[in-house]
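# Structural overview
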Amino acid sequence: MWISLLCFISLLGLKVTAQQPFTLAEIEDQIAAYQRNHGVSAVGVSAAGPPVKCSLACAFLNSTISGSTSFRGSSRYKLDGSRYWSLQQTASDPVCRVVPTSVVDVSTAILSFRVTNCQFAIKSGGHAAFSGASNINGGVTLDLKQLNQLSVAGDRKQIAVGPGNSWGDVYSFLDPQSLSVIGGRVSDVGVGGLTLGGGISFFSGHWGWACDNVNNFQVVFADGTINDVNFKSFPDLYWALRGGGNNFGVVTQFDLVTFPQSDLWAGSNIYLYTTDLARQFNTAFSDLNIAADPKAAAIFVYAYSQSFGSWAIVTDLQYTEPEPNPLIFQNFTQPSKVVASTLRLTSMAGAASELNASNPYGFRQTYWTMTFKNSPTLMSDISAMFIEEIDQIKTIPDLVSSLVFQPITTAITSHFSKYGGNSLGFNDRDGPLTLMQIDISWIDTQNDDRVMSAARSVISRANTTAYAQNLGHPYIYQNYASAEQNVFKGYGEQNLLKLQEISRKYDPSRVWQDLQPGFFKIF
Ligand SMILES: Cc1cc2nc3c(=O)[nH]c(=O)nc-3n(C[C@H](O)[C@H](O)[C@H](O)COP(=O)(O)OP(=O)(O)OC[C@H]3O[C@@H](n4cnc5c(N)ncnc54)[C@H](O)[C@@H]3O)c2cc1C
């Protein structure tokens, strides 16, 4: 019976090996056959615009990959379309949403988009803030949520992680095995976007960013083939993927380095803002950055609280050993002035879930970023600018605004050269750097212009001041950037040219550039 079933399948022209994708010509034939059978005229004849082309891709994928496709009006389409962090992303309206359950399905989908000339977006955790980043109007959204494999290697030194996982999924799986990975710090963020853009982790002082700790990427190329991309197989593409975002293929599995890890010491202290405290903590931050202790990480925040009508300082501190109140943070705590504290020994899942709670869904969001050389006085200048700009808009209903500083120590960047290096365009020779991020959320679209204008103004003023003080740096962190920022220019001319050359080599038809228009592009 099995033999006759296999004969029947092969007569239908379907491939039976799990890892065997179709070719572009085969998908072309299948779509032509689908059109003949369903009375749809040839692609390019009836297909006048993108929606028609994507309707054909959706109909074909719905019939080819059983149960994969949801259409406008269905409850599944609505539910999956609501699973984005920002309201700007949930507002997009794709013709259909496709949820592949295997890497071959991903390949079939990409080739179908090529044959029908249908634009698409790829979604992992859906935490990119701006419109079109991982959802698309009038195109197709490929949602990788079912590619959620998690499998630790026999020697416990690596874990295979599907892009359908959030970091919370990964930590909940690894914590009980006393293992961890260099990944995100907020549980609902996706493995896909964070890793391809860089990936700051509590453990970055020990091993670099997330992208520096991927042994192998399983990638669907623009020609539909499925390839293992690592330092040996495709060194140029391996370099490009470590910082190149969505420009080089769909990653269907990340093989991440694991390491033994028990509890860590982590949490937040909240203080009411005073200029004295701000000055003290800016210096503590700068000292911490210079000290470059691989075990110590910090996220340092100035935030305006509408409910209290006042500014607050939040110090998120993490120490990668189970050691309470480590000495390295002694200038970063003021026990007598703390309003609230969550610092404690906790698991990675616990730490990531705490930070998740302070980043709720259901708001319009904007992220902006810049980088500068370590300087407590520049931090004071920038926080003064931020307070000044936010004071103009702080009565906007439901506004939550934060200015965030994070150290990029030389301990972190010393790992950027591993396995041929990443493509981010800076390293430990740049000295300790400070990553600044603006994060503002609100609800009503009518306030978009005022919020964006305030954020834009802080970035512009802060950069002008930084360069005037000889403290400017061109790097713009892709994962925190606004759509208006020129991320890849910040990687340096040489790196950008190299990324473009690699793109021409592996994607001569410009699939990832033209058919997938969202997020940051290298051309
Ligand atoms: C609350 C919050 C907390 C954060 N915490 C951290 C942090 O601790 N460290 C840090 O470095 N950053 C952090 N970030 C930034 C985060 O890294 C970016 O927002 C990132 O883009 C989110 O990835 P995602 O998969 O969730 O998003 P998505 O919106 O799904 O994807 C982002 C982009 O990556 C592309 N992409 C995703 N997966 C793939 C894939 N498998 N193949 C090809 N392209 C793909 C998408 O097409 C999209 O263009 C945080 C962001 C938020 C909102």
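Residues numbered from 1 in each chain as written. Predicted model: local features only at pLDDT ≥ 70, side-chain atom pairs only at ≥ 80, totals over all residues. Heavy atoms only, no water.

## Description of the state of the cysteines
Linking two cysteines covalently via their sulfur atoms produces the bond known as a disulfide. Where we set the bar: We call a pair of cysteine sulfur atoms a disulfide whenever their separation is within 2.5 Å. Here a strand is any run of E in DSSP of at least two residues, a helix any run of H or I of at least four, and the numbering for each starts at the N terminus. The cut-offs for exposure are 20% and 50% of the maximum accessible area for each residue type, with area from a 1.4 Å probe on protein chains only; residues under the lower value are buried, those over the upper are exposed, and the others partly exposed.
All told, the structure shown has two disulfides when counted by the stated rule. Bridging C54 to C118, the disulfide has an S-S length of 2.1 Å. Here C54 and C118 share a disulfide; its torsion about the S-S bond, 105 degrees, makes the bridge right-handed. Taken together, the positions of C54 in helix α3 (residues 50–64) and C118 in the loop between α6 (103–116) and β3 (120–123) put the pair 64 residues apart, joining distant regions of the chain. Each member of the pair C54 and C118 is classed as buried. Disulfide pairing is shown between C58 and C96; the S-S distance is 2.0 Å. Sign of the S-S torsion, about -90 degrees for the bond between C58 and C96, identifies this disulfide as left-handed. On the criterion of sequence distance, the pair formed by C58 in helix α3 and C96 in strand β2 (residues 96–98) is long-range, its members being 38 residues apart. Within the chain, bonded cysteines paired by disulfides and numbered along the sequence follow the pattern 1-4, 2-3.

## Focus: the site of the ligand
As a reminder, the rule being used: Near, as used in this document, describes a residue that has one of its heavy atoms within 4 Å of the molecule or strand being considered. Polar contact is the term for a pair of N or O atoms within 3.5 Å; when the atoms are in protein, one must be able to donate a hydrogen and the other to accept it, and sequence-neighboring residues count only if both atoms are side-chain atoms. With residues, only the protein chains shown are counted as cover, and all accessible areas are computed by Shrake-Rupley using a 1.4 Å probe. Each residue receives one of three labels: charged for Asp, Glu, Lys and Arg, nonpolar for Ala, Val, Leu, Ile, Met, Phe, Trp, Tyr, Cys and Pro, and polar for the others, Gly being one of them.
In the vicinity of the ligand there are 33 residues, among which I122, S134, R185, I200 and Y477 approach most closely. Separating an oxygen atom of the ligand from a backbone N or O atom of L194 is a distance of 3.3 Å. Between an oxygen atom of the ligand and a side-chain N or O atom of N246, the distance comes to 3.1 Å. Relative to its free-state accessible area of 950 Å², the ligand is covered by the protein chains to the extent of 98%. For the shell around the ligand, the elements supplying multiple residues, two or more each, are β3, α8 (191–197) and β10 (250–260). Broken down by element, the shell around the ligand gets its largest block of residues, four residues, from α8. Its residues assigned to classes, the shell around the ligand shows 17 nonpolar, 14 polar and two charged.

## As for the packing of helix α2 (residues 24–38) against α6
Selection criterion: Here, axes are lines fitted to C-alpha atoms. For helices the fit covers the stretch in contact, and angles between N-to-C directions go from 0 to 180 degrees. Throughout, the term roughly parallel applies to angles under 35 degrees, roughly antiparallel to angles over 145, roughly perpendicular to angles from 65 to 115, and oblique to all others. Should the near helix be turned anticlockwise from the far one by less than a right angle, the crossing is termed left-handed; should it be turned clockwise, right-handed. What makes two residues a contact is simply this: any of their non-hydrogen atoms within 4.5 Å.
Running from N to C, α2 and α6 cross one another at 70 degrees; their axes reach a closest spacing of 9 Å. Taken together, the axes of α2 and α6 lie roughly perpendicular to each other. Note that α2 runs across α6; the crossing there is right-handed. Across from L24, I27, E28 and I31 in α2, the residues of α6 making contact are T108, L111, S112, R114, V115 and T116. Across the contact of α2 with α6, the residue classes break down as five nonpolar, three polar and two charged.

## Describing the sheet that holds strand β1 (residues 69–71)
Convention followed: We call two strands paired when DSSP finds no fewer than two bridges between them.
Read from one edge to the other, the open sheet built from four strands follows the order β1-β2-β4-β3, with strand pairing classed as mixed. The sheet terminates laterally at β1 and β3, the two strands that pair on one side only. With direction set aside, neighbouring strand axes in the sheet form an average angle of 20 degrees. Note that β1 and β2 share three bridges and pair antiparallel. Its bridge partner lying in β2, T69 is registered against V98.

## Re the environment of P407
When you line up the elements, P407 lands in strand β17 (residues 400–408). Sequence spacing of P407 and F523 is 116 residues, and the spatial spacing of their C-alpha atoms is 30 Å. Sequence-distant contacts of P407, defined by excluding residues within four places in its chain, comprise F285, N289, A298, I412 and L433.

## Describing the UniProt feature "domain: FAD-binding PCMH-type" (unreviewed entry) in the chain
Note the following rule: UniProt positions are given in the numbering used here, feature names are shortened, and annotations may be inferred rather than shown by experiment.
As recorded in UniProt, the sites labelled "domain: FAD-binding PCMH-type" (unreviewed entry) are residues 90–261. Annotated as 24% helix and 25% strand, the span residues 90–261 places its first and last C-alpha atoms 36 Å apart.

## Quick look at the side chain of T141
Within the fold, T141 resides in strand β4 (residues 140–143). Judged by relative accessible area, T141 falls into the buried class, the value being 0%. From its side chain, T141 meets the backbone nitrogen of I136 in a polar contact 3.5 Å long.

## Some details on the pairing of strand β6 (residues 158–161)
Note: strand β5 (residues 150–152) against β6, three bridges, orientation antiparallel. Residue S151 lies in a different strand from β6, and its bridge partner there is A160. With four bridges joining them, β6 and β10 adopt antiparallel strand pairing. From the neighbouring strand, I159 faces β10, where its bridge partner is L256.

## Concerning the pattern of salt bridges
The line we're drawing: For this analysis, a salt bridge means a side-chain nitrogen from Lys or Arg found within 4 Å of a carboxyl oxygen belonging to Asp or Glu.
Tallied over the full model, the rule gives 14 salt bridges. Among the ionic pairs, K145 bridges to D80, the shortest N-O distance being 2.8 Å. Residue K145 is located in the loop between β4 and β5, and its partner D80 is located in helix α4 (residues 75–81); the two are separated by 65 residues in the primary sequence. For R344, the salt bridge goes to E354, with nearest N and O atoms at 2.6 Å. Here E354 lies in helix α12 (residues 348–357) and R344 lies in strand β15 (residues 344–346), a separation of 10 residues in the sequence. For R344, a relative accessible area of 29% gives the class partly exposed. Overall, the relative accessible area of 22% leaves E354 in the partly exposed class. Put simply, D80, R83 and K145 are held in one network by salt bridges that share partners.

## Thoughts on the nonpolar core
Condition: As used here, the term nonpolar core means buried Ala, Val, Leu, Ile, Met, Phe, Trp, Tyr and Cys residues forming a set that is joined through side-chain atoms within 4.5 Å.
Ranked by size, the top nonpolar core spans 72 residues in total, and within it W167, W209, F217 and L241 carry the most contacts. Of the residues forming this core, the biggest block, five residues, is contributed by helix α10 (residues 235–241). If we ignore the near neighbours within four places in the chain, the residues touching F217 are L196, N227, D228, V229, Y238, L241, R242, V251, Q253 and F254. Counting residues in hydrophobic clusters, the runner-up holds 47 residues, among them W265, L277, L403 and V458.

## Some remarks on the side chain of N227
Inspection of the secondary structure assignment puts N227 in strand β9 (residues 226–229). Within the structure, the side chain of N227 is placed 3.0 Å from the side chain of T225, a separation counted as a polar contact. Not counting residues within four places of it along the chain, the set of residues in contact with N227 comprises F217, Q218, V219, F221 and F234.

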